[in-house]
Amino acid sequence: MKKLFTLLFLTISLFVQSQNEQLAQNYFDRGEFEKAVISYEELLKNQPNNFNFFQKAVECYQQLQQFEKAEKALQERFNKYKQSTLLVEIGYNYQLQKNHSEATKYYNQAIEKIKKNPADSYGIGYLFDKKGLTDYAILAYQTAMDLDPKLNFNYQVALLYGQKGDAETMIEKLLNESFNNPQIMVTIQNQLSRYMTEDATTSFNDMLRKALLVRIQKNQDIFWNEYLSWFYVQQKEYGKAFIQEKAIYKRDPESFSNIINLGQLAIEENDDEAATEILGFVLENTKDLDLQIQSHSYLIQMKIEKAQPKDYPAINQELDNLIKEFGVSPFTLSLLKIKAHFATFNLKDAETGKTILKNVLEMPLNRQQIAEMKMELGDILLFEEKFNQALIYYSQIENESNNNPIGQEASLKTAKTSYYKADFKWAEHQLKVLKSASTQLIANDALDLYLLISDNTVEDSTQVALKKFSRADFLVFQDKKEDALVAFQQILKENKGDAIEPVTLLRIGKIYEKKNEFNLALSNYQQIIDNHKECIYIDEALFFSAEIYNQMGDFEKAKPLYEQIILNKADSIYFVEAQKKYRKIRGDKDI
């Protein structure tokens, strides 16, 4: 029984202690320092050795300008524990009083402690940094490294120079550290990427590029070619990255993986010129059948994306020739899948598409391959308006994929199928879950469709316009551009001024873009910009218009459109890209 009471007493004591600590922290966070200091002083009575409580109490004294009280507490603790970091705290207490000579005295004493014991630099350097005493933090770390070569604070020192605004020194030190300690290179590159993205007013990117070029000239190690290739990839300059990758290949011809990956990145970013050059190089220099098939697949997919109906016969013949050359097997799945999709959506021959995929599913495939083929088969059945059969395939993928990316993609297609069927309530239910999908692209698509349904249900509870719109969207899915165009234009006539008008203009603009009728696309986007400034599609209209002008070489018209996104749409998914394109047109050196 005595043990039970003791345990109960300890439990209650710990609970009360936790409550008091939370109360003190709440006071501190709200800036109620008079109340906070009383709470921390009370906590220190029970736990006098708790440094966190002591530190908070001292900060409260300083906030209340009770500097003498803070100094007394700090001196007493230093006399008792001899902690080197307390010298920084005492000096900082003097600095808050603008007594710089006394502050300097204690800061120098802290540095002297490092000279006697370099390991003290961990705490002292960190505290100097935390207090914003950047020069002293650098001195602390550098002193320790000079005395003990086993200590390495080069990364910390580099970032401190960055805090000082000395980007050139930071770059030098980070690149040196990357070379000397490749195991932390990814961490360093992530840090550099942050500066490359955020530093819009200085020539940071230009400094980094020049520093890498100097290293390539002085040092023949392919490490620096790889680093410069990484830099150009961050800038989305894939052609320049390819020059570095070719240089690497000439000295290390064992692997094409980086070049293939670079080609894929160029495709994803619509840099067709670089992608074609990269993949052509692969085909010229490899006998590996997998790489050949992969490269041909990427190249012909690019052709299909840009093709007009007059190009279809030649593309179909090229596909047939490739399949004949490489055969029908699990190794040529990418080509067979492209052929099935092309036959269905471009040539409107769904039977051929289904036949190809059903034969493929008879082959020995792995789980991922089966899911991909079923997804394509589901798309073809959806194309044929066999909604329920398509849903069966999507559901199979969802159930077998354990919420991984392809499973989430199947879930999105299930929601879109409900949307195409005008079953908006069920589509909304599914999209609510997908808005938080781990795959950002799926999450964004789910959110866009969710907002489309909800926004056009509030104004029109019968969803008449939305039903017409979902039917037109389905025609887009079927790649029936002309029919979709007629359907969307009819919505504009019948629903002028309604909530559905801006998104309809956006859809019409995208169809004209695919038809290479860019002036008509711009006309529709301009109507959104002029008449729907507050709608959620304004940033798309601005960005798509800017991109068209940019591709046409009319930079003076593109520039103000990018600028509007930068100034007014900081939360847009196009913000970062608009910023980069704007700076490039403006001629900033860091591009």
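Parameters and conventions
- Residues numbered from 1 in each chain as written.
- Predicted model: local features only at pLDDT ≥ 70, side-chain atom pairs only at ≥ 80, totals over all residues.
- Heavy atoms only, no water.
- Helix = DSSP H or I, 4+ residues; strand = E, 2+ residues; numbered from the N terminus.
- Rg over C-alpha atoms; globule rule 2.2 N^0.38 Å.
- Buried < 20%, exposed > 50% of the residue type's maximum accessible area, 1.4 Å probe, protein only.
- Contact = heavy atoms within 4.5 Å.
- Areas by Shrake-Rupley, 256 points an atom, 1.4 Å probe, with all protein chains shown as cover.
- Lys, Arg positive; Asp, Glu negative; His and termini not counted.
- Charge placed at Lys NZ, Arg CZ, Asp CG, Glu CD.
- Core = buried A, V, L, I, M, F, W, Y, C linked by side-chain atoms within 4.5 Å.
- Salt bridge = Lys/Arg side-chain N within 4 Å of Asp/Glu carboxyl O.
- Axes fitted to C-alpha atoms, helices over the stretch in contact; angles between N-to-C directions.
- Parallel < 35°, antiparallel > 145°, perpendicular 65-115°, else oblique.
- Left-handed = near helix turned anticlockwise from the far one by under 90°.
- Patch = residues over 30% accessible without salt bridge, like charges linked within 9 Å, V, L, I, M, F, W, Y side chains within 5 Å.
- Expected span 1.5 Å × (residues − 1).
- Polar contact = N/O pair within 3.5 Å; in protein donor to acceptor, adjacent residues only side chain to side chain.
- pLDDT = per-residue confidence, 0-100.
- Phe/Tyr/Trp six-rings, centres within 6.5 Å; stacked < 30°, edge-to-face > 60°.
- Nonpolar A, V, L, I, M, F, W, Y, C, P; charged D, E, K, R; others polar.

Caption draft 1: Structural context of the overall build of the protein chain. For the protein chain, the count of helices and strands is 32 helices and zero strands. Against the globule reference of 25 Å for 591 residues, the protein chain gives a C-alpha radius of gyration of 32 Å, more extended than a compact globule. Considering only C-alpha atoms, the protein chain reaches an extent of 90 × 65 × 60 Å along its principal axes. Expressed as a percentage of its 591 residues, the buried residues of the protein chain come to 47%. Sequence separation of at least 24 residues holds for 51% of the intrachain contacts in the protein chain that already meet a minimum separation of 6. As presented, the protein chain carries roughly 30900 Å² of accessible surface, and 51% of it is formed by carbon and sulfur atoms. Counting 71 positive and 84 negative side-chain charges, the protein chain places the averaged centre of each group 4 Å from the other.

Caption draft 2: Quick look at the nonpolar core. Membership of the largest hydrophobic core comes to 94 residues, with the highest contact counts inside it found for Val360, Tyr419, Leu431, Leu452, Ile453, Phe469 and Phe488. Counting 91 residues, the second-largest nonpolar core is a separate cluster that includes Val37, Leu44, Tyr94 and Ala103.

Caption draft 3: Focus on unusual backbone geometry. One non-glycine residue, Lys236, lies in the positive phi region at around 60°. Lys236 sits in the partly exposed class, given a relative accessible area of 29%.

Caption draft 4: Representation of the environment of Leu382 in the model. Along the chain, Leu382 falls in helix H21 (residues 367-383). Judged by its relative accessible area of 2%, Leu382 is buried. Residues Leu382 and Thr417, spaced 35 residues apart in sequence, show a C-alpha to C-alpha distance of 7.6 Å. For Leu382, the residues in contact, after removing those within four places along its chain, are Phe387, Ala390, Tyr394, Thr417, Tyr420, Phe474 and Phe477.

Caption draft 5: Focus on the pattern of salt bridges. Enumeration over the complete set of coordinates arrives at 35 salt bridges. The partner of Glu384 in a salt bridge is Lys354, and the shortest N-O contact between them spans 2.9 Å. A residue pair is termed long-range when its members are at least 10 positions apart, and Glu384 in the loop between H21 and helix H22 (387-400) and Lys354 in helix H20 (residues 350-360) qualify at 30 residues. Judged by relative accessible area, Lys354 falls into the buried class, the value being 7%. Notably, a salt bridge pairs Lys374 with Glu400, separated by 3.9 Å at the nearest N-O pair. One end of the pair, Lys374, is in helix H21; the other, Glu400, is in helix H22, and 26 residues separate them in sequence.

Caption draft 6: Just the packing of helix H15 (residues 257-268) against helix H17 (residues 289-306), in detail. One way to put it is that H15 packs onto H17 with a least axis distance of 11 Å and a crossing angle of 10°. In terms of their interaxial angle, H15 and H17 are classed as roughly parallel. Considering only the axes of H15 and H17, their crossing is left-handed. On the side of H15, the interface is formed by Ile260, Gln264 and Ile267, while H17 contributes Leu291, Gln294, Ser295, Tyr298 and Met302.

Caption draft 7: Looking closely at a negative patch on the surface. Taken together, Asp221, Glu226, Asp252 and Glu254 make up a surface patch of like negative charges. If you trace the backbone, Asp221 turns up in the loop between helix H12 (204-218) and helix H13 (222-234).

Caption draft 8: A look at helix H3 (residues 51-63). Taking 1.5 Å of rise per residue, 13 residues should cover 18 Å, and H3 covers 18 Å from first to last C-alpha, within 8% of that figure. Burial in H3 covers these residues: Phe53, Phe54, Gln55, Lys56, Ala57, Val58, Cys60, Tyr61 and Gln62. Taking the backbone nitrogen of Asn52 as reference, a side-chain oxygen 3.0 Å away marks Asn50 as the first, capping residue of H3. Directly beyond the C-terminal end of H3, a positive phi value near 60° is found at Gln65.

Caption draft 9: Structural view of the confidence of the model for the protein chain. Taken as a whole, the protein chain shows an average pLDDT of 91; of its residues, 95% reach a score of 70 or greater. Summarising per-element confidence for the protein chain, the mean pLDDT is lowest in helix H1 (residues 2-29) (62) and highest in helix H19 (residues 333-346) (98). Confidence drops under a pLDDT of 50 for residues 4-16, and excluding neighbours within four residues, the segment shows zero contacts in the predicted structure.

Caption draft 10: Structural view of the packing of aromatic side chains. All chains considered together, the criterion is met by 33 aromatic pairs. Centroid distance Tyr94 to Tyr106: 5.8 Å. Interplanar angle 15°. Geometry classified as stacked. Pair noted here: Tyr94 is in helix H5 (residues 85-96) and Tyr106 is in helix H6 (residues 100-116), with a separation of 12 residues, a long-range link. One exposure class covers both Tyr94 and Tyr106, and it is buried.

Caption draft 11: A look at the packing of helix H18 (residues 312-326) against H19. Running from N to C, H18 and H19 point in directions that differ by 155°, and their axes come no closer than 10 Å. Judged on the interaxial angle alone, H19 and H18 are roughly antiparallel. Classified by chirality, the crossing of H19 by H18 is left-handed. Across from Tyr312, Ile315, Asn316, Leu319, Asp320, Leu322, Ile323 and Phe326 in H18, the residues of H19 making contact are Leu335, Leu336, Ile338, Lys339, Phe342 and Asn346. Here the residues of the contact of H18 with H19 sort into 10 nonpolar, two polar and two charged.

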